[in-house]
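Structural features, examined
Residue strings, one per chain:
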Amino acid sequence: MSAADGDQTAAAKCPAGHDVIATRCPFVKDDVPEFMSDVPCTKVGDTLPEAVYGTVFDQHGDSVGRLDAETCSGKLTVLCVFDPHCCVCMRFALPRFEQLWAKHSSSSQCKFIALGRNCSLQALQEFRGECHAAALGGDKHIMSLSMPMAP
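As a starting point, this report considers the structure included with it. (Residues numbered from 1 in each chain as written. Predicted model: local features only at pLDDT ≥ 70, side-chain atom pairs only at ≥ 80, totals over all residues. Heavy atoms only, no water.)

Observations regarding the pairing of strand S5 (residues 76-82)
- By the bridge criterion, seven bridges tie S5 to strand S6 (residues 110-116) in an arrangement that is parallel. Across the sheet, residue leucine 79 finds its bridge partner in S6, namely isoleucine 113.
- Handedness of the crossover joining S5 and S6 through helix H2 (residues 87-104): right-handed. (Pairing = 2+ DSSP bridges. Helix = DSSP H or I, 4+ residues; strand = E, 2+ residues; numbered from the N terminus. Right-handed = clockwise from strand over helix to strand, strands pointing away.)

Description of unusual backbone geometry
- Here the phi dihedral of asparagine 118 falls at roughly 55°; this positive angle occurs in a residue that is not glycine.
- With respect to the secondary-structure elements, asparagine 118 resides in the loop between S6 and helix H3 (121-136).

Examining the side chain of aspartate 58
- Within the secondary structure, aspartate 58 sits in the loop between strand S3 (54-57) and strand S4 (63-67).
- As a buried residue without a salt bridge, aspartate 58 has its nearest oppositely charged side chain in arginine 128, at a separation of 6.4 Å.
- Of note is the side chain of aspartate 58, whose polar atom sits 2.9 Å from the backbone nitrogen of aspartate 62. (Buried < 20%, exposed > 50% of the residue type's maximum accessible area, 1.4 Å probe, protein only. Lys, Arg positive; Asp, Glu negative; His and termini not counted. Salt bridge = Lys/Arg side-chain N within 4 Å of Asp/Glu carboxyl O. Polar contact = N/O pair within 3.5 Å; in protein donor to acceptor, adjacent residues only side chain to side chain.)

Considerations on H3
- Relative to the 22 Å expected for 16 residues at 1.5 Å per residue, H3 spans 23 Å between its end C-alpha atoms, a close match to the ideal helical length.
- Leu124, Phe127, Arg128 and Cys131 are the residues of H3 that are buried. The buried residues of H3 occupy an angular sector of 100° when the element is viewed end-on, so they sit on one face. Along H3, exposed side chains directed more than 90 degrees from the buried face belong to Gln122 and Leu136.
- Turning to H3, the residues buried within the fold contact S3, S5, H2, S6 and strand S7 (149-150). (Expected span 1.5 Å × (residues − 1). Arc of directions from axis to C-beta. Contact = heavy atoms within 4.5 Å.)

Encoded structure:
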């Protein structure tokens, strides 16, 4: 699906029949937003797909563990996939996710991990810095993020 395909607000499907989602902020005037398949489609009780794995980092950029099926086994794992360039993620999704993580971070039965879509550790750290600067600058919706993140 592209801008030339007409109404971009209509439900879109990938060739396999799964829903696709726009990966750019809907408020940004993007002539050709990117779309990707919104898979894996998981629900409570599903195991983490084997294809999902990576290193998880704290707010200082230090490794604090792994994200893979084995380390998530037997735990409630809550993932928040975000685009570091999306203002909706920065202002609404991640601050709420940070609050949930802070509330449950002492539980050994829960893992909360924010997954940066198509980014590197450096991009995550820059994103954290932007959020911290905005929070210090008085932005009421953006907060400093200390939760674990994985690129």
